[in-house]
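One-letter residues, chain by chain:
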Amino acid sequence: MQTVLNKIANISALFTTLASFPMAFASDLVTGAGSSFIAPVLYKWSANYNTEFGTKINYQSTGSGAGIKQIEGNVVDFGASDMPLKPTELEAKGLFQFPAIIGGIVMVTNIPGVGQGQLILDAKVIAEIYNGTIKFWNDPKILALNPNLTLPKKNILVVYRSDASGTTFNFTYFLDKAGMGAWKVGVGTAVSWPSGVMGVGGKGNEGITTMVKRAPGSIGYVEYAYAMQNKLSWARMINADGKVVPSLTVKDFSDEKKVSEAFRKALQSAAINANWETAPGMNVILANQKGAETWPLTASTFILIKKEQKNSKIGTEVLKFFDFAFKRGSESAQALDYIPIPENTYRFIEKKWTHEIKSGNDKVAIWK
């Protein structure tokens, strides 16, 4: 699996290079922007799609807030956000949204002497770290969750997203729903972190990953694939049922296959409660779901596309790409420890494409 992850990192670098070229030279491309959460698997899907069909998907990992603004302003052909828009917002912006992937957010740390899966955290401790109440790694509240772990008296450096982030939305939603205070983040905005926090902001999942990797004593929150690609230690968590997940021993973390299987099981448990077909605007949030095996920081990325397509050829190509991802991208997704969208859900989504997404000129469906 690590070989696969290394390839993904190379693909990511390639697409970052592509993204630097001006749009005027990219008329043959389908363009997208937004969520860094989905970026690792979207790069892989894009490479596979290009190999098979010759169409290039130029995706820029700009953060969910930027992705929403860019699709709203017709800068890109599709946006991606880990924060679903409300039905009223979709209507006002002329957008249709659908989930494309399910993944997990993990707390990554750089604590000298603490390895993979050794640290255990819960919502209360995480909230108090991020609001500045807990300042040292050997705080009694952290030690109470980790009685068999020796933690240093070292300042905690909090790393958070500096950009408008759907990952932050799901992270703060999790803290809020767990009863840990008013952690609010709105559409296209970043959190105003408490001024007493010893912290630093990073742009995208990439930025947080880099900062945590470089700064001893730091903690951050990223999509799981970023932790694995960069060999960052991530913490097990106590979920809404009061269970430590994934349910592994510390020794199990030396077996990457066993860890991946346990993590996917925890994500799948959270996804069982997702009912996109009946939710208005498919607005379903997966954080802090019930279930003994459930990962509490599960999230999904939503694709945003204009309901009226000025260029029906490009619009059809966007839908063709995600049809390819749904039907033939499961293996790539699972290799990166994402959970694919279930077949019954993507069949429902594609029916909605036919009814909702039309040519801007003659109002004819572009997906049949």
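Residues numbered from 1 in each chain as written. Predicted model: local features only at pLDDT ≥ 70, side-chain atom pairs only at ≥ 80, totals over all residues. Heavy atoms only, no water.

Asker: Describe the overall build of the chain, listing the residues and the values that go with them.
Answerer: A count of helices and strands for the chain gives 13 helices and 14 strands. Here the chain holds 368 residues, and the buried ones make up 57% of them. The long-range share in the chain, meaning contacts at least 24 apart out of those at least 6 apart in sequence, stands at 76%. Split by element, the accessible area of the chain, about 15000 Å² in all, is 52% carbon and sulfur. (Helix = DSSP H or I, 4+ residues; strand = E, 2+ residues; numbered from the N terminus. Buried < 20%, exposed > 50% of the residue type's maximum accessible area, 1.4 Å probe, protein only. Contact = heavy atoms within 4.5 Å. Areas by Shrake-Rupley, 256 points an atom, 1.4 Å probe, with all protein chains shown as cover.)

Asker: Explain the sheet that holds strand S5 (residues 120–121) to me, and be specific about the residues and the numbers.
Answerer: One open sheet accounts for 3 strands, arranged S5-S10-S11; its pairing is mixed. Every other strand in the sheet has two partners, leaving S5 and strand S11 (244–245) as the edge strands with one partner each. When S5 meets strand S10 (residues 236–238), the two strands line up parallel, connected through 2 bridges. In the strand pairing of S10, Leu-121 is matched with Met-237. (Pairing = 2+ DSSP bridges.)

Asker: Give a description of the side chain of Gln-289 that names residues and reports values.
Answerer: For Gln-289, the position within the fold is in the loop between helix H10 (256–271) and strand S12 (298–306). Residue class for Gln-289 comes out buried when judged on its relative accessible area of 17%. A polar side-chain atom of Gln-289 sits 3.3 Å from a polar atom in the side chain of Asn-273. For Gln-289, the side chain forms a polar contact with the main-chain oxygen of Ile-285, separated by 3.1 Å. (Polar contact = N/O pair within 3.5 Å; in protein donor to acceptor, adjacent residues only side chain to side chain.)

Asker: Run through the pattern of salt bridges, naming residues and quoting values.
Answerer: Once their charged atoms are close, side chains differing in charge can pair, the charge on each being opposite to the other. Under the defined criterion, the tally for this structure stands at 12 salt bridges. The salt bridge involving Lys-93 is made with Glu-72; its shortest N-O contact spans 3.2 Å. With a gap of 21 residues between them, Lys-93 in helix H4 (residues 87–93) and Glu-72 in helix H3 (residues 64–72) connect regions that are remote in the sequence. The class of Glu-72 is partly exposed, set by a relative accessible area of 35%. Arg-161 is paired through a salt bridge with Asp-163; the nearest N and O atoms lie 2.7 Å apart. Each member of the pair Arg-161 and Asp-163 is classed as buried. One continuous salt-bridge network, built from bridges that share partners, spans Lys-124, Glu-128 and Lys-141. (Salt bridge = Lys/Arg side-chain N within 4 Å of Asp/Glu carboxyl O.)

Asker: Give me the pairing of strand S8 (residues 218–223): which residues, what numbers.
Answerer: The buried fraction of S8 is high, at 6 of 6 residues. Pairing of strand S4 (residues 95–110) with S8, which is carried by 6 bridges, proceeds in the antiparallel orientation. If you follow Val-108 over to S8, its bridge partner there is Gly-220.

Asker: Any chance you could break down unusual backbone geometry for me, citing the residues and the numbers?
Answerer: Backbone torsion omega between Val-245 and Pro-246 reads -10°, so that peptide bond is classified as cis. Tracing the backbone through its elements, the reader meets Pro-246 in the loop between S11 and H10. Backbone geometry at Lys-231 places phi at a positive 55°, although glycine is not the residue there. Within the fold, Lys-231 resides in the loop between helix H9 (224–229) and strand S9 (233–234). Owing to a relative accessible area of 62%, Lys-231 belongs among the exposed residues under this scheme. Positive phi, normally seen in glycine, also occurs at Asp-337, with a value near 65°. Turning to its location among the elements, Asp-337 is positioned in the loop between helix H12 (330–335) and helix H13 (343–356).

Asker: Describe in detail the packing of helix H11 (residues 312–328) against H13, supporting the description with residues and values.
Answerer: Running from N to C, H11 and H13 cross one another at 170°; their axes reach a closest spacing of 11 Å. Relative to H13, the element H11 lies roughly antiparallel. Pair H11 / H13 crosses with left-handed handedness. The segment H11 lies against H13, with Leu-319, Phe-322, Asp-323, Phe-326 and Lys-327 engaging Tyr-346, Arg-347, Ile-349, Glu-350 and Trp-353. When grouped by side-chain class, the residues that make up the contact of H11 with H13 number 6 nonpolar, no polar and 4 charged. (Axes fitted to C-alpha atoms, helices over the stretch in contact; angles between N-to-C directions. Parallel < 35°, antiparallel > 145°, perpendicular 65-115°, else oblique. Left-handed = near helix turned anticlockwise from the far one by under 90°. Nonpolar A, V, L, I, M, F, W, Y, C, P; charged D, E, K, R; others polar.)

Asker: Summarise helix H2 (residues 39–53); cite the residues concerned and give the values.
Answerer: Over its 15 residues, H2 extends 20 Å from the first C-alpha to the last, a length consistent with the 21 Å expected when each residue adds 1.5 Å. Of all the residues in H2, the buried ones are Ala-39, Pro-40, Val-41, Leu-42, Tyr-43, Trp-45, Ser-46, Ala-47 and Tyr-49. Directly after H2, the chain includes Gly-54, whose backbone phi takes a positive value near 80°. (Expected span 1.5 Å × (residues − 1).)

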